[in-house]
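# An overview of the molecular structure
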Amino acid sequence: MADVLDTKILKKLQEDCTMSLELLSESVGLSATSCYRRIKKMESHGLIKAKRAILDERKLGFQVTAIFMIKLQKDSADIDQRMYRILEKRPEIQHCHLISGDFDFVLLAKFRDAAEYTDYIYRFLEIYSDIPIRNYSSSIVVRTVRQNEILPL
């Protein structure tokens, strides 16, 4: 997998993927060519899945973050695929995880305002009609204390 130099590169890219190749290679102690080859190798092996901009959700008008917890009536072998098909059409859902414990799925969603969130709640069982839901719960995030996508390499 990743050796010490690859890990250094990955740490730097997580912090700022817009860093120039020259600056990146200098900061990890490699030539630009070697650094470039390592990045391409990590991309081909799937260690680097994408390079994205982190947007300011508030400045872009997304004022409400909601968390949904879903408890299934019964589980089935294809439940993940059925959920995935639904979520492909639901851009407001940022994350969906199959979890252990009292609930089966946790979803994190972004909405522009409380009215959009409320409309989603009213249509929730219709949207997820292909999923055998026993019950669900939702909460609005009051304040985000920490949000971090950087892995502790």
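The structure under discussion appears in the preceding block.
Below you will find a few notes about this structure. (Residues numbered from 1 in each chain as written. Predicted model: local features only at pLDDT ≥ 70, side-chain atom pairs only at ≥ 80, totals over all residues. Heavy atoms only, no water.)

### Remarks on the overall build of the protein
Across its full length, the protein carries 5 helices and 4 strands. Here the protein has a C-alpha radius of gyration of 20 Å; the compact-globule value for 153 residues is 15 Å, and the former is much larger. Expressed as lengths along the three principal axes of its C-alpha atoms, the size of the protein is roughly 55 × 40 × 25 Å. Out of the 153 residues belonging to the protein, those deemed buried represent 27%. At a minimum sequence separation of 6, the contacts of the protein that also span at least 24 residues come to 63%. A total accessible area of about 10700 Å² is found for the protein, and carbon and sulfur atoms account for 52% of it. (Helix = DSSP H or I, 4+ residues; strand = E, 2+ residues; numbered from the N terminus. Rg over C-alpha atoms; globule rule 2.2 N^0.38 Å. Buried < 20%, exposed > 50% of the residue type's maximum accessible area, 1.4 Å probe, protein only. Contact = heavy atoms within 4.5 Å. Areas by Shrake-Rupley, 256 points an atom, 1.4 Å probe, with all protein chains shown as cover.)

### What about helix α3 (residues 32–44)?
The end-to-end C-alpha distance of α3, which contains 13 residues, comes to 18 Å, matching closely the 18 Å that a straight helix rising 1.5 Å per residue would cover. Looking only at α3, the buried set comprises C35, I39 and M42. The arc enclosing the buried residues of α3, seen along the axis, measures out at 65°, which places them on a common side. Exposed residues on α3 whose side chains face more than 90 degrees from its buried face are R37, K41 and S44. Elements in contact with the buried residues of α3: α1 (4–15) and α2 (21–28). Directly beyond the C-terminal end of α3, a positive phi value near 85° is found at G46. (Expected span 1.5 Å × (residues − 1). Arc of directions from axis to C-beta.)

### Comments concerning the state of the cysteines
Tallied over the full model, the rule gives 0 disulfides. Left unpaired, C17 is separated from the closest cysteine sulfur, that of C35, by 13 Å. (Disulfide = S-S within 2.5 Å.)

### Structural notes on the packing of aromatic side chains
Taken as a whole, this structure holds 10 aromatic pairs when the rule is applied. Between Y120 and F124, the ring centres sit 6.0 Å apart and the planes meet at 75°, which makes this aromatic pair edge-to-face. Of the two residues, Y120 and F124 both sit in helix α5 (residues 114–127), 4 residues apart, roughly one turn of that helix. Counting every residue linked through ring pairs, the aromatic cluster contains F68, F111, Y117, Y120, F124, Y128 and Y136. Above the face of the F62 ring, R112 is positioned so that its terminal group lies 4.2 Å from the ring centre. (Phe/Tyr/Trp six-rings, centres within 6.5 Å; stacked < 30°, edge-to-face > 60°. Lys NZ or Arg CZ within 6 Å of the ring centre and 35° of its normal.)

### So, the pattern of salt bridges
Overall, the coordinates contain 9 salt bridges when judged by the stated rule. Put simply, R38 and D6 hold a salt bridge, and the shortest N to O gap is 2.7 Å. Linking R38 in helix α3 with D6 in helix α1, this pair joins segments that are 32 residues apart in sequence. Under the relative-accessibility criterion, D6 is labelled buried at 6%. E43 is paired through a salt bridge with K40; the nearest N and O atoms lie 3.0 Å apart. Of this pair, E43 and K40 both sit in helix α3, 3 residues apart, which is roughly one turn of the helix. Judged by relative accessible area, K40 falls into the partly exposed class, the value being 37%. Overlapping salt bridges bring together D3, D6 and R38 as one network. (Salt bridge = Lys/Arg side-chain N within 4 Å of Asp/Glu carboxyl O.)

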